[in-house]
Amino acid sequence: MDSPDLWAGLPTLEDPHGEDDTAPDVWEDPIPLTGRRERPPFPAHVLPTWLGEFVAAVAEETQTPVDLAGSVALAVLATAAGGRSVVHVRGNWREPTNLYTVVALPPANRKSAVFALLTNPLYEAEKQLKTAMQPVIVEAELTARLAKEAADKAAAKAASADGDKRDEMVATAVGLAQTADTLTVPAEPVLLADDSTPETVTSLMSEQGGRLSVMSAEGGIFDIIAGRYSGAPNMEVFLKGHAGDRLRVNRQTRREYIDAPALTIGLAVQPDVLRDIGKVKGFEGRGLLARFLYSLPVSTVGDREIITDPVPEETAAAYTARVIDLTLSLAEWTDPAVIQLTPEADAALITYQKRIEPQLKARGGKLGHISNWAGKLAGATARMAALLHLAEHGGNGYAHPVTEDTMRAAIELGEYYTAHALAAFDVMGADNTTARAQSVLEALRTHRWTEVSKRDLMVKLSRSEFPTAADLDPTLTLLEDHGYVRAQPTVRTGGRGRPPSPRYLVHPRLTDPTT
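Residues numbered from 1 in each chain as written. Predicted model: local features only at pLDDT ≥ 70, side-chain atom pairs only at ≥ 80, totals over all residues. Heavy atoms only, no water.

(A) Examining the side chain of T475 more closely. Along the chain, T475 turns up in helix α16 (residues 473-481). Apart from the residues within four sequence positions on either side, T475 is in contact with T433, R436, A437, V440 and F466. (Helix = DSSP H or I, 4+ residues; strand = E, 2+ residues; numbered from the N terminus. Contact = heavy atoms within 4.5 Å.)

This is the structure in structure tokens:
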């Protein structure tokens, strides 16, 4: 695209209709269609003190954007609480507390180092859960084996029994077999998985009471979902695992039922991964991309300090203790802990919802082209509010309602992720109107019209891109808003027949590149 200085000093464009007031003498510089969006920094100040201090310290030591540690920290909280707590918003509206987060950064941004520092307490908590469960597993295995042996012996005796005793011994053998069949051995606790296949994720979630977390400093999970091994996308567990919808797998080799799945995903990927997943058939249509909270921070590579302050020991110790405590305190919950909102917190969320809703309009709405994502924003905000609340109060957060301040902190996070989602979906090519506008600009340059009618454009444009004249309206509105064209007053003759087609003046730079 031409640099702005090439648009300066443009000559006066004469009014083709002979009316001096229909167009200004000079055209303003047009606004680029794909200009860089404003991407605010992660608002670490909204996190509870112990968490915000650790996030800031990790960013300082690793010389990485605070956005990376901040988004991973939210996924850590979701790993600790997901599947073991829900937030009751209002009426029948409840949200689970799991999240999908993804941070896009170029190579050499120390993503693995940040992930290690943030997730280490989860691995420690997992180790403690395994240690505590080991005696229970051993006892259950022994009990199950003895019950199976008793049932087998009873069956053998019943098979060789004679006459009157046979029926009684068969009944005894059946009873022992039924008892043995009801005994199950608890699975070894697992909190985290890496880039696992959908089948592995489903099996692990089934074993773990419905909850699991996939945390990775790479984006391989997207390739797996897209069908790297199976040849076809397999999204079911990732769709239902976010929403908490009942998941049932019935296959010849396995049957797994999960009534309330709660999957958390925390990823750090390269920007190219976002471009690639935007092209995967079915990802957007089925709503997978709408479930992620996106962060596209500015890389610090090239501006990093060489000697940095390490994370203070007391800050690291507080973070480790808090994450482990939250994880362990909720681990034994089968029915999830219910987090309530104060009336003031609910009122703040309602106000936020009212602000979002008009932006979802397909025509003219700021979020219209990502309405699938933005339609889930209020729910994601409620989830983040519950996680911030649990981070503040620990495992007994259910005993206290979410305050207005906590909800406003979550809303600020929602605003952050909205700005970054717009940039992410730009990368993924989600804005069809912008893409179509580029096609119209190319037609205007090719034909060098100084003035053009909508009907003339429809003749030259691809019908696959613009099936009807109405499909051209949002694009022309966008081009007008950006200063590439100007709508002209429609002059009606008053006679019968088809009304005149709307006409547009075209920016002189498009008609004559040498101007």
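(B) Spotlight on the environment of T446. Position of T446 relative to the elements: it lies in helix α14 (residues 432-447). Within the structure, the side chain of T446 is placed 2.8 Å from the backbone oxygen of E442, a separation counted as a polar contact. (Polar contact = N/O pair within 3.5 Å; in protein donor to acceptor, adjacent residues only side chain to side chain.)

(C) Molecular detail of the nonpolar core. L118, F222, F238, L263, F292, Y294 and W373 are the most contacted members of the largest nonpolar core, which totals 114 residues. Ranked by residue count, the leading element in this core is helix α13 (residues 404-427), at 12 residues. The residues contacting F292, other than those within four sequence positions of it, are Y100, T101, V102, F222, I265, L267 and W373. Residues V440, W449, L479 and L510 belong to the second largest nonpolar core, which totals 20 residues. (Core = buried A, V, L, I, M, F, W, Y, C linked by side-chain atoms within 4.5 Å. Buried < 20%, exposed > 50% of the residue type's maximum accessible area, 1.4 Å probe, protein only.)

(D) Just the pairing of strand β2 (residues 93-96), in detail. Of the pairings in the sheet, the one linking strand β1 (residues 85-90) to β2 comprises four bridges and is antiparallel in character. Its bridge partner being in β2, H88 is matched across the sheet by R94. Linking β1 back to β2 in an antiparallel pair, the connection comprises two residues, with G91 at a positive phi of about 55°. (Pairing = 2+ DSSP bridges.)

(E) Representation of the sheet that holds β1 in the model. Spatially, three strands are ordered β2-β1-β10 in an open sheet, and the strand pairing comes out mixed. Each edge of the sheet is formed by a strand with only one pairing partner; in this case those strands are β2 and β10 (337-339). Geometrically, the sheet is characterised by an average inter-axis angle of 30° between neighbouring strands, direction not taken into account. On top of the sheet, helix α12 (residues 377-393) reaches β1, β2 and β10; it is set at about 65° to β2, its chief contact. (Axes fitted to C-alpha atoms, helices over the stretch in contact; angles between N-to-C directions.)

(F) How the structure looks around the pattern of salt bridges. Summed over the entire model, instances satisfying the criterion amount to 13 salt bridges. A salt bridge links D346 to R90, with the nearest nitrogen and oxygen atoms 2.7 Å apart. Placement of D346 in helix α10 (residues 343-356) and of R90 in strand β1 is noted, with a sequence separation of 256 residues between them. Its relative accessible area of 26% is what places R90 among the partly exposed residues. Between D272 and R275 there is a salt bridge, with its nearest N and O atoms 2.5 Å apart. One end of the pair is D272 and the other is R275, both in helix α8 (residues 271-277) and three residues apart, which spans about a single turn. On the basis of relative accessible area, R275 is assigned to the partly exposed category, the value being 39%. Three or more residues are tied together by salt bridges with common partners; here these are E126, K130 and E188. (Salt bridge = Lys/Arg side-chain N within 4 Å of Asp/Glu carboxyl O.)

(G) Layout of the sheet that holds strand β13 (residues 503-506). Reading across from one edge, β11-β13-β12 is the order of the three strands in this open sheet, with antiparallel pairing throughout. The sheet is open, and its two borders are formed by β11 (451-453) and β12 (485-487), each paired with just one other strand. Taken pair by pair, the neighbouring strands of this sheet meet at an average axis angle of 30°, ignoring direction. Its contacts with the sheet put α16 on β12 and β13, and the angle it makes with β12 is roughly 110°.

(H) Spatial organisation of the pairing of strand β3 (residues 100-104). Where burial is concerned, most of β3 is hidden: five out of the five residues are buried. Pairing analysis gives five bridges linking β3 to strand β8 (residues 262-269), with the strands arranged parallel. Bridging from a neighbouring strand, Y100 pairs with I265 of β8. As paired strands, β3 and strand β9 (residues 292-295) are joined by four bridges and run parallel to one another. Note on β9: the bridge partner recorded for V103 is S295.

(I) The arrangement of helix α7 (residues 236-243) in detail. Those residues of α7 that fall on the buried side of the exposure criterion are V237, F238, L239, G241 and H242. One or two residues past the end of α7 sits G244, with phi positive at roughly 85°.

(J) Focus on the packing of helix α1 (residues 49-62) against helix α2 (residues 66-81). Where α1 meets α2, the closest approach of the two axes is 8 Å, and the angle between their N-to-C directions is 140°. One finds that α1 runs oblique with respect to α2. For the pair α1 and α2, the sense of crossing is right-handed. Seen from α1, the contacting residues are W50, L51, V55, V58 and A59; seen from α2, they are V66, A69, G70, A73 and L77. Looking at the contact of α1 with α2, its residues break down into nine nonpolar, one polar and no charged. (Parallel < 35°, antiparallel > 145°, perpendicular 65-115°, else oblique. Left-handed = near helix turned anticlockwise from the far one by under 90°. Nonpolar A, V, L, I, M, F, W, Y, C, P; charged D, E, K, R; others polar.)

(K) Quick look at α13. For α13, with 24 residues, the first-to-last C-alpha span of 35 Å sits near the 34 Å given by 1.5 Å per residue. Backbone geometry just downstream of α13 places G429 in the positive-phi region, at approximately 75°. (Expected span 1.5 Å × (residues − 1).)

By themselves these figures say nothing about function.
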